[in-house]
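Here is how the chains run, residue by residue.
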Amino acid sequence: MEYIFIIAGVLLIVLTIAAGLIWVERRLLALWQDRYGPNRVGPFGLFQVLADMIKIFFKEDWIPPFADKAVFVIAPGILMISILLTFAIIPFTDSFFVLDSNIGLLFFLGNSSLGVYSIVLGGWASNNKYSLLGSIRASAQMLTYEVFMGLSLMGVVMMSDSFNLREIVEAQRGMWFVFPQFIGFVVFLIAGVAETHRTPFDIPEAEGELVAGYHSEYSGMKFGMFFVGEYLGVTLISTLIVTLFFGGWLGPSFLPPAFWFFFKTAFFICFFVLLRASLPRPRYDQLMDFGWKILLPLVLLNILVTGAIILYLQ
Amino acid sequence: MNTIFYIAGAIALLSSILAITNRNAIHALLYLILSLLSISVIFYILGAPFIAALEVIVYAGAIMVLFIFVVMMLNIGLEEELENKWLKPRMWILPSIIAAILLANLIYALRVLEHQTVTPQIIQPKQIGISLFTTYLLAVELSAILLLAGIIGAYHIGKQKKKIIHRFLKK
Amino acid sequence: MFSILRSIWLTFLHAFHKRETVGYPEKKPYLPPRYRGRIVLTRDSEGNERCVACNLCAAACPVDCISLQATEDENGRRYPEFFRINFSRCIFCGLCEEACPTYAIQLTPDFELGEYDRQSMVYEKEHLLISGEGKYHGYNFYKNAGVDMGVKAKGEGENEEPTVDLKSLLK
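Cut-offs used in this document
Residues numbered from 1 in each chain as written. Chains lettered and ligands numbered in written order. Predicted model: local features only at pLDDT ≥ 70, side-chain atom pairs only at ≥ 80, totals over all residues. Heavy atoms only, no water. 1 Å grid on protein atoms, 1.4 Å probe; cavity = no way out; pocket = protein on both sides within 12 Å on 5 of 7 lines; lining within 4 Å. Points joined across faces, edges and corners; volume = space filled by probe spheres on them. Helix = DSSP H or I, 4+ residues; strand = E, 2+ residues; numbered from the N terminus. Nonpolar A, V, L, I, M, F, W, Y, C, P; charged D, E, K, R; others polar. Axes fitted to C-alpha atoms, helices over the stretch in contact; angles between N-to-C directions. Parallel < 35°, antiparallel > 145°, perpendicular 65-115°, else oblique. Contact = heavy atoms within 4.5 Å. Pairing = 2+ DSSP bridges.

Turning to the layout of surface pockets, a few remarks are in order. Empty space within the second largest pocket amounts to approximately 960 Å³. The wall of the second largest pocket is formed by 30 residues, among which Leu-85, Asn-111 and Leu-114 of chain A together with Leu-37 and Val-56 of chain B lie closest to the centre. Broken down by secondary-structure element, the contributors of at least two residues to the lining of the second largest pocket are helix 3 (69–86) and helix 4 (104–125) of chain A together with helix 2 (25–45) and helix 3 (49–74) of chain B. It is helix 2 of chain B that contributes the most residues to the lining of the second largest pocket, 10 residues altogether. When grouped by side-chain class, the residues that make up the lining of the second largest pocket number 23 nonpolar, 7 polar and no charged.

Written as structure tokens, this is what we have:
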């Protein structure tokens, strides 16, 4: 019974944060662009999210007659499921988590690689050339960056000797892994941005070139799921960065651990928005070049050096 | 545990059959992914969580994406003439014989091992790593060389041809 | 690499800049008196209509949104019988104001012309005519014109020489 409460609590918290992020991102982007952003609906425009939700629920949920209907319908669901499932392994505090899995990190990697299908299939099922181009770009980009994402975490795994996220946090009692694993952290951050395909790595949906990329044909709540899925992805990557590199719930004890976790997560969410506000989108071949020619050798070197040092210290 | 095993097994069987019989290439690939996922569930139940995760990451997550990528690029429609032309009844003979031998093998193995029970024993990633780099070192090295060959081959094929510049555009 | 970090930092510093947005409905922007907004018809200092229905504004209007019909009162003074401006067509170019010989038609700094019904955008004379003099105070066309329209006698205008008595031999 308690278990169900925890699952419901995690879902509630995560979905509220993701929905709230729509407002947060718009306000923060406005702040960094010397504007106000949504400030009309409710205090500070806080109810903008509600207004948007009401709007999106009442829109016509249109399936194009030329689309592959079954695939078109399940594509947004895959995204939501793969991201929401991953939240099961996140240890929010010492005792508040859904799953204490021995393969937690691998579970995350598996789910993020399944998340690619949502975009690829969504773009393909739309039967629209822009969507198809978007999904082709997405599949290449996400496959590429998944490689570095997995490899950049191996340093952390080696240092903490575990795939279990709770144990990884416990292993950071002495020192946050961001200091010994700085390269891993930077690569994970970049790969995380690419994995959630947000600006500056939003080439699958590059609105200047591809209308809206893979979700051009989507409307109503199906589009809403892609939309919220993006913010869920941002939240997920932020929580993972905090868990893996910034000591999770650890922090000075005058405040509860949950506060420290959410404080650090909020910091990284804001950093994601700042990245979006400041950086332009690279070209597609630049993105791939950067991945394979710079990040991959860097990560492999990081693993080599980390392994050598660990062996030397033993 | 047994119920979950049977459910996963049934899904694996059913989706594999659908993957073969489905005419739409992408739908067939989706069924194949489903089959891989249910097999990974079976691995997990049998006490190999690491293999289960790798099955999802490598097979369902990476290789099948490449398959779909290629099928997407080929833009295969629902044309059936080509397939009918390629798949003559004669072509079924050899695969059927091989499959029949395999089936016989399986039935024999099941009969021999009838009274043995599988005791799930959780294998940690560390054990897998140790056995990979001690017992099966040769296999790992050989597959690494194979992958290296693949990379070099891909690089050779994908190498850009020398650009021919018009003589007026030369410096 | 450094430039990327620098641009992130510079963008972050924008958090402490003043915001450019003007909160419009609460805070009205300053508009100069010669702003080209809603068109009005003005009266002279005596409170009579300045418009003499010469049709120059209608002729100057590039989108043909002005229509009027001239008529005369008992003194023979011309005035528009109706004067109609279709603001859904008007482009607020101000050419009518430039064309007007009597300063009758003027553009004002009022731009809030939104309507729910398109027909409401057609302004008749009673909507256009204001009781003041607009931007040009004290100007009365008939005080400068040669003709006598009951405003001043002939030859008594501001920059006008007295009339010459053609029948006298002394001058």
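Turning to the packing of helix 5 (residues 129–160) of chain A against helix 8 (residues 220–245) of chain A, a few remarks are in order. All names here are of chain A. Between helix 5 and helix 8, whose axes approach to 11 Å, the crossing angle comes to 25 degrees. In terms of orientation, helix 5 lies roughly parallel with respect to helix 8. Along its contact with helix 5, which presents Met-149, Leu-153 and Val-156, the element helix 8 presents Ile-237, Leu-244 and Phe-245. Of the residues assigned to the contact of helix 5 with helix 8, the class counts are 6 nonpolar, no polar and no charged.

A few words on the arrangement of the chains. Contact analysis covers 2 pairs of chains in contact, and the most contacts occur between chains A and B. The least C-alpha distance between chain B and chain C, which are not in contact, is 27 Å.

Moving on, we come to the pairing of strand 3 (residues 78–86) of chain C. All names here are of chain C. Both strand 2 (residues 66–72) and strand 3 contribute to a ladder of 7 bridges, which runs antiparallel. Bridge pairing in strand 3 links Gln-69 to Phe-82. Hairpin geometry of strand 2 and strand 3 is characterised by an intervening segment of 5 residues between the two adjacent antiparallel strands and by a positive phi of about 90 degrees at Gly-76. Bridging between strand 3 and strand 5 (residues 122–123) involves 2 bridges; their strand directions are antiparallel. When the bridges of strand 5 are listed, Ile-85 appears paired with Tyr-123.

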